[in-house]
Amino acid sequence: AQKITQTQPGMFVQEKEAVTLDCTYDTSDQSYGLFWYKQPSSGEMIFLIYQGSYDEQNATEGRYSLNFQKARKSANLVISASQLGDSAMYFCAMREVNTGGFKTIFGAGTRLFVKA
Amino acid sequence: DVKVTQSSRYLVKRTGEKVFLECVQDMDHENMFWYRQDPGLGLRLIYFSYDVKMKEKGDIPEGYSVSREKKERFSLILESASTNQTSMYLCASTQLIAGEKDTQYFGPGTRLTVL
């Protein structure tokens with residue numbers, strides 16, 4: 001079974017609008033971390049935001065916020081005021097603290113296109 | 001800033017060749033990882049290393065081996081390259097502390113084509 005599911009292979013958004021990228025996960029571990037990474041066309045993976053399973057508040061980093069709904073096992077990324085430079089692949093990832101060891105599991109990714 | 005570098009951005013090899021992909025990090029990180037990235041599959045872990053000369057298999061180790069003789073350098077070896085190993089290869093490092101967030105720092109990737 002897939003542990004990280006990103007159901008949107010590609011998405012379009014108008015510049016300056018907000019966009020939500022979906023991510024659901026599956027784990028039986030009580031302690032885990034959730035991550036979002038951005039991969040521009042240059043290829044390098046860039047860390048965006050982190051949410052711990054015990055964090056009560058949703059994580060925010062500038063224009064990025066993580067909509068964490070623990071009971072639904074979802075960790076959606078919200079980008080506010082999209083910019084042309086936000087066009088990239090976005091990966092959701094999870095690390096299970098007790099059962100996962102050193103591994104981080106990645107989803108298949110969502111390609112975001114920002115239109116001028 | 002953490003810097004992870006990979007020896008080549010693009011590489012073209014022939015079937016059966018032995019291929020070396022090199023990765024170097026400059027932050028004294030304990031842990032290093034090799035992933036391959038394929039469309040629709042995300043990143044899949046090939047091998048990781050948590051110390052010099054220590055290595056663990058990831059999810060898809062078949063056809064690959066690794067070497068970590070120095071802390072800053074982690075090499076991925078394709079003993080006999082095959083066309084199904086054509087992919088993007090990403091190296092990452094992290095100073096992992098159990099229970100803490102594991103922000104991985106990635107290199108720019110090597111796009112390998114095997115003909």
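Structural data are supplied above this passage.
Residues numbered from 1 in each chain as written. Chains lettered and ligands numbered in written order. Predicted model: local features only at pLDDT ≥ 70, side-chain atom pairs only at ≥ 80, totals over all residues. Heavy atoms only, no water.

### Re the overall build of chain A
For chain A, the count of helices and strands is zero helices and 12 strands. Ordering the α and β elements of chain A from the N terminus gives β-β-β-β-β-β-β-β-β-β-β-β. Overall size of chain A, expressed as C-alpha extent along the three principal axes, is 45 × 30 × 20 Å. Out of the 116 residues belonging to chain A, those deemed buried represent 47%. Of all intrachain contacts in chain A linking residues separated by at least 6 positions in sequence, the fraction that spans at least 24 positions is 55%. Carbon together with sulfur atoms contributes 48% to the accessible area of chain A, which is approximately 5500 Å² in total. For chain A, the centre of its 11 positive side-chain charges and the centre of its 11 negative side-chain charges are spaced 4 Å apart. (Helix = DSSP H or I, 4+ residues; strand = E, 2+ residues; numbered from the N terminus. Buried < 20%, exposed > 50% of the residue type's maximum accessible area, 1.4 Å probe, protein only. Contact = heavy atoms within 4.5 Å. Areas by Shrake-Rupley, 256 points an atom, 1.4 Å probe, with all protein chains shown as cover. Lys, Arg positive; Asp, Glu negative; His and termini not counted. Charge placed at Lys NZ, Arg CZ, Asp CG, Glu CD.)

### Some points on the nonpolar core
Residues and elements named next belong to chain A. Core analysis: the largest hydrophobic core is formed by 25 residues, its most contacted members being Leu 21, Tyr 25, Trp 36, Ile 49, Leu 77, Tyr 90 and Leu 112. Only β2 (10-14), β3 (19-21), β5 (32-39), β6 (46-52), β8 (64-69), β9 (74-79), β10 (88-96) and β12 (110-115) provide two or more residues apiece to this core. Ignoring anything within four residues of it in the chain, the contact list for Leu 21 reads Gln 8, Met 11, Trp 36, Asn 76, Leu 77, Tyr 90, Thr 110 and Leu 112. (Core = buried A, V, L, I, M, F, W, Y, C linked by side-chain atoms within 4.5 Å.)

### Brief notes about the packing of aromatic side chains
Considering all chains together, one arrives at 14 aromatic pairs over all chains under this definition. An angle of 55° between the planes, with centres 5.2 Å apart, marks the rings of Tyr25(A) and Tyr32(A) as tilted. Looking at Tyr32(A), the relative accessible area reads 5%, which means it is buried. Ring geometry for Phe106(A) and Phe106(B): centres 6.1 Å apart, planes at 80°, overall edge-to-face. You can see Phe106(A) sitting in strand β11 (residues 105-106) and its partner Phe106(B) sitting in strand β10 (residues 105-106), one on each of two chains. (Phe/Tyr/Trp six-rings, centres within 6.5 Å; stacked < 30°, edge-to-face > 60°.)

### As for the state of the cysteines
Counted according to the given criterion, the structure contains two disulfides over all chains. A sulfur-sulfur distance of 2.0 Å marks the disulfide that ties Cys23(A) to Cys92(A). With the S-S dihedral at roughly -65°, the linkage between Cys23(A) and Cys92(A) falls on the left-handed side. Here Cys23(A), found in the loop between β3 and β4 (24-25), pairs with Cys92(A), found in strand β10; they are 69 residues apart in sequence, far enough to count as distant. For the residue pair Cys23(A) and Cys92(A), the accessibility class agrees, reading buried in each case. The disulfide partner of Cys23(B) is Cys91(B), and the gap between their sulfur atoms is 1.8 Å. (Disulfide = S-S within 2.5 Å.)

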